[in-house]
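Each chain, letter by letter, is given below.
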Amino acid sequence: MNLLNKLATALLVVASASVHALPDDWQQEMTILSDSAEIDRRAGTVVYLGNVVLTQGTLKIEAERLMILRNGDTLEKAVAEGDRARYQQQIEVGKPLTTALGNRIDYYTSDRRIVITGDAELEQEGNLFSGERITYDMDSETVRADGSTETQAKPGDASTEDGESGRIKVIIQPPKTDTDTATE
């Protein structure tokens, strides 16, 4: 076997091992950066304030305020709040990141579900869902979007541009064609 074949074989072994051996995010170390923190051990809560960034594997949450609820050593829920709190995570190996924006993002770890409220947006593989409230179930891969209950739009409100105030908006990308995959 020549050197080029050995290198190619080694590269394939390493690449396939990294794809199949990628541990779930919840098994990774969690890092939280913030300006300050308040801990209540009895309640099992920690509140991080100011430019908060949580990372764990492919999971990343950015917010002005982040509350973590624990039950013993188990993370039950993370609540991110602020002007455009942000969530991103790679749900499946080989798939692009799923991203979410909203004024509040509730991440239920055991249910593998997120609820985005207040000017909510969820993007997956170029498809975009927006509304007042979006619920995404990672296990069943279902999305539920709800519009605002307000019936009167404010002048200059972005939602009035298309005359559809209070409604949800979904943008779905067309399927890729053979010519699209040939150019990649």
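The preceding data block contains the structure.
Residues numbered from 1 in each chain as written. Predicted model: local features only at pLDDT ≥ 70, side-chain atom pairs only at ≥ 80, totals over all residues. Heavy atoms only, no water.

Caption draft 1: Main features of the overall build of the protein chain. Across its full length, the protein chain holds two helices and 10 strands. Order of helices (α) and strands (β) in the protein chain, N terminus to C terminus: α-β-β-β-β-β-β-β-β-β-β-α. For the protein chain, with 184 residues in total, the buried portion stands at 26%. Expressed as a percentage of contacts within the protein chain between residues at least 6 apart in sequence, the contacts between residues at least 24 apart total 32%. Here the protein chain has roughly 12200 Å² of accessible surface; of this, 50% comes from carbon and sulfur atoms. (Helix = DSSP H or I, 4+ residues; strand = E, 2+ residues; numbered from the N terminus. Buried < 20%, exposed > 50% of the residue type's maximum accessible area, 1.4 Å probe, protein only. Contact = heavy atoms within 4.5 Å. Areas by Shrake-Rupley, 256 points an atom, 1.4 Å probe, with all protein chains shown as cover.)

Caption draft 2: Seen up close, the environment of I32. One can find I32 in strand 1 (residues 30-33). Linking I32 and Y48, residues 16 residues apart in sequence, is a C-alpha distance of 8.4 Å. Beyond its immediate chain neighbours, meaning those up to four positions away, I32 contacts Y48, V52, V53, L54 and I68.

Caption draft 3: Representation of the packing of aromatic side chains within the structure. A complete count under the given rule lists one aromatic pair for this structure. Ring centres of Y87 and Y107 lie 5.9 Å apart, and the angle between their planes is 50°; this geometry places the pair in the tilted category. On the criterion of sequence distance, the pair formed by Y87 in strand 5 (residues 74-89) and Y107 in strand 6 (residues 98-108) is long-range, its members being 20 residues apart. Residue classification places Y87 among the buried positions, given a relative accessible area of 0%. In this structure Y107 comes out as buried when scored by relative accessible area, which is 8%. Its guanidinium or amino end placed over the ring of Y108, R113 lies 4.2 Å from that ring's centre, counting from NZ or CZ. (Phe/Tyr/Trp six-rings, centres within 6.5 Å; stacked < 30°, edge-to-face > 60°. Lys NZ or Arg CZ within 6 Å of the ring centre and 35° of its normal.)

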